[in-house]
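Commentary on secondary and tertiary structure
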Amino acid sequence: MTIDLTVMYAAHDAFRRDLERLSEAAARGTADTPPVHAGWDNFRRQLHIHHTAEDSDLWPRVERAVADRPQDIALLAEMEAEHARLDPLLTAVDQALRQGSADVAALVDVLATALGDHLEHEEKSALPLIQRVLTPADWGAFTGRMRETQGLRGAAVFVPWIVDGVPAADRAAFLGALPPPVRVLNRLFWEAGYRRRGLWRA
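Computed from a predicted structure; not experimentally measured. (Residues numbered from 1 in each chain as written. Predicted model: local features only at pLDDT ≥ 70, side-chain atom pairs only at ≥ 80, totals over all residues. Heavy atoms only, no water.)

Taken as a whole and judged by the stated rule, the model has 1 cavity of 30 Å³ or more. In this structure, the largest cavity spans a volume of roughly 40 Å³. Around the largest cavity, the lining residues are A11, F15, Q46, I49, H50, M146, Q150 and F158. Sorting the residues of the lining of the largest cavity by element identifies α1 (6–28), α2 (34–65) and α5 (136–162) as the ones contributing at least two each. Here the lining of the largest cavity is composed, by residue class, of 5 nonpolar, 3 polar and no charged. (1 Å grid on protein atoms, 1.4 Å probe; cavity = no way out; pocket = protein on both sides within 12 Å on 5 of 7 lines; lining within 4 Å. Points joined across faces, edges and corners; volume = space filled by probe spheres on them. Helix = DSSP H or I, 4+ residues; strand = E, 2+ residues; numbered from the N terminus. Nonpolar A, V, L, I, M, F, W, Y, C, P; charged D, E, K, R; others polar.)

Structural data, given as structure tokens:
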């Protein structure tokens, strides 16, 4: 049975989108504003949850499934190493933002390139491997771990954050992958609350 990776791809697109927004804010000279700082803080939180769950719950499941395949084991090691290489880049951007540094734009470009390369590597190599070796039950255990970490309050930000500014077809595909009660909560409450936060607005 095929694993539905819709939410994974949507999260990757949201990470790319947010770094584009930060890069544009830096180019405009509006990076040192509360809405941009709030958008950045949310980006960092979402990326931390995403990568922590992959390292603790996803890659070990895949590793057990490919224990006798050195090439696949090496790929998983590359995924974890790429996560680790992102940490100092995130810290550098964060410090530059807090200090109002003129280096923000250059540091964001470095981070965007590194994260973009990692996401592309994952999408081209790791996600197809997941489709081949994991079961929907395995995937459900991983996504369940992410839901536990987010909690209801976190979900109230995560869901509208994913669909913020995305094309209608992508929005429909993402929301269609969620349980109906989540879609109702998002429509009635979560999106309005998210908009009030004004993330990324200059």
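Back to the text.
The next point concerns α5. Here α5 contains 27 residues, and its C-alpha end-to-end distance of 22 Å is more than 12% below the 39 Å for a straight helix at 1.5 Å per residue. Its axis deflected by about 95° at G151, α5 carries its strongest bend there. (Expected span 1.5 Å × (residues − 1). Bend = angle between axes of the 7 residues up to and from the residue.)

Right, let's talk about the layout of surface pockets for a bit. Space inside the largest pocket adds up to approximately 620 Å³. If you trace the largest pocket, you find 23 residues lining it, with V7, T143, R147, F158 and L178 closest to the centre. Within the residue set of the lining of the largest pocket, elements represented by two or more residues are α1, α5 and α7 (180–197). In terms of residue count, the dominant contributor to the lining of the largest pocket is α5 (11 residues). Partitioning the lining of the largest pocket into residue classes produces 16 nonpolar, 5 polar and 2 charged. Taken together, R44, L47, H48, H51, T52, D55, H83, A84, L86, D87, L90 and T91 make up the full set of residues lining the second largest pocket. At the level of elements, α2 and α3 (70–99) are the ones that each hand at least two residues to the lining of the second largest pocket.

Moving on, we come to the pattern of salt bridges. Overall, the coordinates contain 12 salt bridges when judged by the stated rule. Note that D18 is salt-bridged to R17, the shortest N-O span being 3.1 Å. Residue classification places R17 among the buried residues on the basis of a relative accessible area of 12%. Note that R21 and D164 form a salt bridge whose closest N and O atoms lie 2.8 Å from each other. In this pair, R21 is assigned in helix α1 and D164 in the loop between α5 and α6 (168–176), connecting sequence segments 143 residues apart. (Salt bridge = Lys/Arg side-chain N within 4 Å of Asp/Glu carboxyl O. Buried < 20%, exposed > 50% of the residue type's maximum accessible area, 1.4 Å probe, protein only.)

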